Amino acid sequence: MLTLISLFFGAFLAATILPFSSEVMLTLALTSGEFNTWLLVSIAALGNTLGALLNWYLGRFLMHWSDHRWFPFSQPQLTRAEQAFNRYGLWSLLFAWVPVVGDPLTLAAGALNVRLAVFLPLVAVGKSLRYVAIGWVI
């Protein structure tokens, strides 16, 4: 049971802006043979998707303070992020699993008011397919 809980929280943290590797945790859990592959893949995908959801909420929440001096992003940076997001569109959320760009992408989606009903399925599919691929390879 500890393996499943650790995998869930590891995948959750990996989807936030914290540096963490859920792929390593999933690989270790898969090679242990203790649990069914689909159970492990599902738990990792759920944790990772919920971590991205946290980023989306943070993006929405943080924008309320965008006019404060301490706000971490300048208006030109926000404008560039919005232009890039608009250039690649909502379908770019399928790539929220990609290291380095995925976490800021989910944060930007929240800041740009992407509807949750659009955000969640796209992110969940992309993240789930990554874990399915890992499960298939292992």
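Check the entry above for the structure.
Remember, it's a predicted structure, so these values are computed and weren't measured experimentally. (Residues numbered from 1 in each chain as written. Predicted model: local features only at pLDDT ≥ 70, side-chain atom pairs only at ≥ 80, totals over all residues. Heavy atoms only, no water.)

Draft legend 1. Up close: helix 5 (residues 102-111). Burial analysis of helix 5 places eight of its 10 residues in the buried class, which makes it a mostly covered element. Listing the buried residues of helix 5 in full gives Gly 102, Asp 103, Leu 105, Thr 106, Leu 107, Ala 108, Ala 109 and Gly 110. Each element contacted by the buried residues of helix 5 is listed here: helix 1 (2-15), helix 3 (37-62), helix 4 (75-88) and helix 6 (116-137). Immediately beyond the C-terminal end of helix 5, within one or two residues, lies Asn 113, with a positive phi of roughly 60°. (Buried < 20%, exposed > 50% of the residue type's maximum accessible area, 1.4 Å probe, protein only. Helix = DSSP H or I, 4+ residues; strand = E, 2+ residues; numbered from the N terminus. Contact = heavy atoms within 4.5 Å.)

Draft legend 2. Spotlight on the nonpolar core. Leu 7, Leu 26, Leu 30, Leu 40, Ala 44, Tyr 131 and Ile 134 are the most contacted members of the largest nonpolar core, which totals 13 residues. The set of elements that each furnish at least two residues to this core consists of helix 1, helix 2 (22-32), helix 3 and helix 6. Here this core takes five residues from helix 3, the largest share from any one element. For Tyr 131, the contacting residues outside a window of four places in its chain are Ala 11, Ser 22, Leu 26, Val 41, Ala 44, Ala 45 and Asn 48. With 12 residues, the next largest nonpolar core counts Leu 53, Phe 119, Leu 122 and Val 123 among its residues. (Core = buried A, V, L, I, M, F, W, Y, C linked by side-chain atoms within 4.5 Å.)

Draft legend 3. Local environment of the pattern of salt bridges. Under the defined criterion, the tally for this structure stands at one salt bridge. We note a salt bridge from Glu 23 to Arg 130, for which the minimum N-O separation is 2.8 Å. With Glu 23 in helix 2 and Arg 130 in helix 6, this residue pair connects regions lying 107 residues apart in the sequence. (Salt bridge = Lys/Arg side-chain N within 4 Å of Asp/Glu carboxyl O.)

Draft legend 4. Inspection of the packing of helix 2 against helix 3 at higher detail. Relative to each other, helix 2 and helix 3 sit at 160°, their axes nearing to 10 Å. Considered as vectors, helix 2 and helix 3 are oriented roughly antiparallel to each other. Between helix 2 and helix 3 lies a crossing of right-handed hand. Residues Ser 22, Leu 26, Ala 29 and Leu 30 of helix 2 form the contact with helix 3, whose own contacting residues are Thr 37, Leu 40, Val 41, Ala 44 and Asn 48. Considering only residue class, the contact of helix 2 with helix 3 consists of six nonpolar, three polar and no charged. (Axes fitted to C-alpha atoms, helices over the stretch in contact; angles between N-to-C directions. Parallel < 35°, antiparallel > 145°, perpendicular 65-115°, else oblique. Left-handed = near helix turned anticlockwise from the far one by under 90°. Nonpolar A, V, L, I, M, F, W, Y, C, P; charged D, E, K, R; others polar.)

Draft legend 5. Quick peek at the environment of His 64. With respect to the element layout, His 64 can be found in the loop between helix 3 and helix 4. A relative accessible area of 60% places His 64 in the exposed class. Placed 47 residues apart in sequence, His 64 and Ala 111 show a C-alpha to C-alpha distance of 9.3 Å.

Draft legend 6. Layout of unusual backbone geometry. In this model, Val 100 sits at a positive phi of 75°, which is unusual for a non-glycine residue. Take Val 100: it is sitting in the loop between helix 4 and helix 5. Of note, the phi angle at Asn 113 is positive, near 60°, even though the residue is not glycine. Residue placement: Asn 113 occurs in the loop between helix 5 and helix 6.

Draft legend 7. Fine view of the packing of aromatic side chains. Taken as a whole, this structure holds four aromatic pairs when the rule is applied. When the centroid spacing of 4.9 Å and the interplanar angle of 80° are considered together, the rings of Trp 56 and Tyr 57 count as edge-to-face. Residue classification places Trp 56 among the buried positions, given a relative accessible area of 4%. According to the relative accessible area criterion, Tyr 57 is partly exposed, its value standing at 46%. Ring-pair connections join several aromatic residues into one group, and the members of that group are Trp 56, Tyr 57 and Phe 119. The ring of Tyr 131 has Arg 130 lying over it, and the distance from NZ or CZ to the ring centre is 4.2 Å. (Phe/Tyr/Trp six-rings, centres within 6.5 Å; stacked < 30°, edge-to-face > 60°. Lys NZ or Arg CZ within 6 Å of the ring centre and 35° of its normal.)

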